[in-house]
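Listed below, chain by chain, are the residues.
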Amino acid sequence: MQPLAQMAEAVLRTADGREKTALSRGFAAQWQAARTAGETPEVGFANPPIHPARPDAPELLSPRDVPRRKPGSPQGRIALLHAVAHIELNAVDLHWDIIARFSHVPMPMGFYDDWVKAADEESKHFNLMCDCLEALGSHYGALPAHAGMWRAAEDTADDLMGRLAVVPMVLEARGLDVTPGMIELFRKAKVDDAVVALEIIYGEEVAHVAYGSKWFHFLCGRENLDPKEAFHGLVQKYFHGPLKPPFNEEKRAEAGLPPDFYWPLAVAD
């Protein structure tokens, strides 16, 4: 088995979404089998690209240029599923990138276990969304997508605590806020496979936010920092704009995010 960081880099350098997620899931299975057998596989080091490989489609546009469609229409539902697929593909890369880019930072093996599991689940989520799109006569790449999804990774490329604060603890936590509304939209439209897929995503994303909170608190403890103060400072440094309520306080609490972490950031200066 090759070192984990090299596996991570290989995923990042694979362009096609289905190929990327197949590679991701295969590597995750290798890692998890070794860990279940009581082994301590090599993490190693990698040279990840600053931007992961991407397929020719979808066309990536500035957020303001992505067409808006009414979510209650069939076209709007396809656009929503396409947007979620795009988010999930970026999440696959984000979770492998945190392994590859920060492999020089000494971390417990549990850190790698968590992010491999998260990357595996995000790969499953992308494929679920692609299946839903194809069932509706569309596919990933059929519509333009948000070009800014990787900005958080670029901004935090040299700051592991910043990456944990912004990606799982802000961006993925936002998913906990908005997913219940999406589930209800597809339930009303009787698009049952999308309801099932989004419920799986919703259930598993709580753990991804929790991994971020756990390892953020770990690093704060190691550096003798106040976690709340450190979180506020890093989000203000790396996240562009205030956090937007309403917040899913129950699921955020389940993931280890208390209200005094995010509410003070919800109002612009």
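Residues numbered from 1 in each chain as written. Predicted model: local features only at pLDDT ≥ 70, side-chain atom pairs only at ≥ 80, totals over all residues. Heavy atoms only, no water.

Q: Explain the packing of helix α6 (residues 160-188) against helix α8 (residues 227-238) to me, and be specific about the residues and the numbers.
A: Two elements in contact, α6 and α8, have axes whose closest approach is 9 Å; the angle formed by their N-to-C orientations is 85 degrees. As judged from the angle between their axes, α6 and α8 are roughly perpendicular. Seen from α6, the contacting residues are Met161, Gly162, Ala165, Val166, Met169 and Val170; seen from α8, they are Ala230, Phe231, Leu234, Val235 and Tyr238. For the contact of α6 with α8, the per-class residue count stands at ten nonpolar, one polar and no charged. (Axes fitted to C-alpha atoms, helices over the stretch in contact; angles between N-to-C directions. Helix = DSSP H or I, 4+ residues; strand = E, 2+ residues; numbered from the N terminus. Parallel < 35°, antiparallel > 145°, perpendicular 65-115°, else oblique. Contact = heavy atoms within 4.5 Å. Nonpolar A, V, L, I, M, F, W, Y, C, P; charged D, E, K, R; others polar.)

Q: Can you tell me about the packing of aromatic side chains, naming the residues and giving the values?
A: Remark: the centre distance and the inter-plane angle together describe each pair of aromatic rings, the angle taken between the planes. For the coordinates displayed, the defined rule picks out ten aromatic pairs. With a centroid separation of 5.2 Å and 90 degrees between ring planes, the pair formed by Phe111 and Tyr112 is classed as edge-to-face. Across the pair, exposure class does not vary: Phe111 and Tyr112 are buried alike. Here the aromatic rings of Phe111 and Trp215 are separated by 5.6 Å at their centres, their planes lie at 80 degrees, and the arrangement is edge-to-face. Linking Phe111 in helix α4 (residues 109-135) with Trp215 in helix α7 (residues 192-222), this pair joins segments that are 104 residues apart in sequence. Accessibility expressed as a relative area gives 7% for Trp215, which makes it buried. Taken together, the ring pairs connect Phe111, Tyr112, Trp115, Tyr211, Trp215 and Phe218 into an aromatic cluster. Here the basic side chain of Arg252 rests over the ring of Tyr262, its NZ or CZ set 4.4 Å away from the ring centre. (Phe/Tyr/Trp six-rings, centres within 6.5 Å; stacked < 30°, edge-to-face > 60°. Buried < 20%, exposed > 50% of the residue type's maximum accessible area, 1.4 Å probe, protein only. Lys NZ or Arg CZ within 6 Å of the ring centre and 35° of its normal.)

Q: Give me α8: which residues, what numbers.
A: Look at α8: 16 Å from first C-alpha to last across twelve residues, which is about the 16 Å you get at 1.5 Å a residue. Its buried side turned inward, α8 meets α5 (151-155), α6, α7 and α10 (259-262). Capping of α8 at its N-terminal end is provided by Asp226; its side-chain oxygen lies 3.2 Å from the backbone amide nitrogen of Lys228. (Expected span 1.5 Å × (residues − 1). Polar contact = N/O pair within 3.5 Å; in protein donor to acceptor, adjacent residues only side chain to side chain.)

Q: Kindly report on the state of the cysteines, identifying the contributing residues and their values.
A: As enumerated under the stated definition, the model contains zero disulfides in all. The cysteine Cys130 is free of any disulfide, with Cys132 supplying the nearest cysteine sulfur at 9.3 Å. For Cys130, a relative accessible area of 2% puts it in the buried group. By relative accessible area, Cys132 is classed as buried at 3%. (Disulfide = S-S within 2.5 Å.)

Q: I'd like to hear about the pattern of salt bridges, residue by residue, with values.
A: Taken as a whole and assessed by the stated rule, the structure comprises 19 salt bridges. Among the ionic pairs, Arg252 bridges to Asp177, the shortest N-O distance being 2.7 Å. In this pair, Arg252 sits in helix α9 (residues 249-254) while Asp177 sits in helix α6, placing the two residues 75 residues apart along the sequence. Take Arg252 and Asp177: they sit in the same class, and that class is buried. It is possible to trace a salt-bridge network through shared partners that takes in Arg18, Asp131 and Glu134. (Salt bridge = Lys/Arg side-chain N within 4 Å of Asp/Glu carboxyl O.)

Q: Account for the side chain of Thr156, with residues named and values stated.
A: You can see Thr156 is positioned in the loop between α5 and α6. If we ignore the near neighbours within four places in the chain, the residues touching Thr156 are Phe102, Gly162, Arg163 and Tyr238.

Q: Lay out the nonpolar core with the relevant residues and their values.
A: Judged by nonpolar contacts, the single largest core of 81 residues is most densely connected at Trp96 and Phe216. Once residues within four sequence positions are removed from consideration, Trp96 is found in contact with Leu4, Ala8, Val11, Leu12, Ser24, Phe27, Ala28, Val116 and Ala119. (Core = buried A, V, L, I, M, F, W, Y, C linked by side-chain atoms within 4.5 Å.)

Q: Can you explain unusual backbone geometry? Please cite residues and give values.
A: For the bond running from Ala57 to Pro58, omega is 10 degrees, close enough to zero to count as cis. Secondary-structure assignment places Pro58 in the loop between α2 (17-36) and β1 (60-61). A cis geometry characterises the amide bond from Pro245 onward to Pro246, with omega recorded as 5 degrees. Looking at the secondary structure, you find Pro246 in the loop between α8 and α9.

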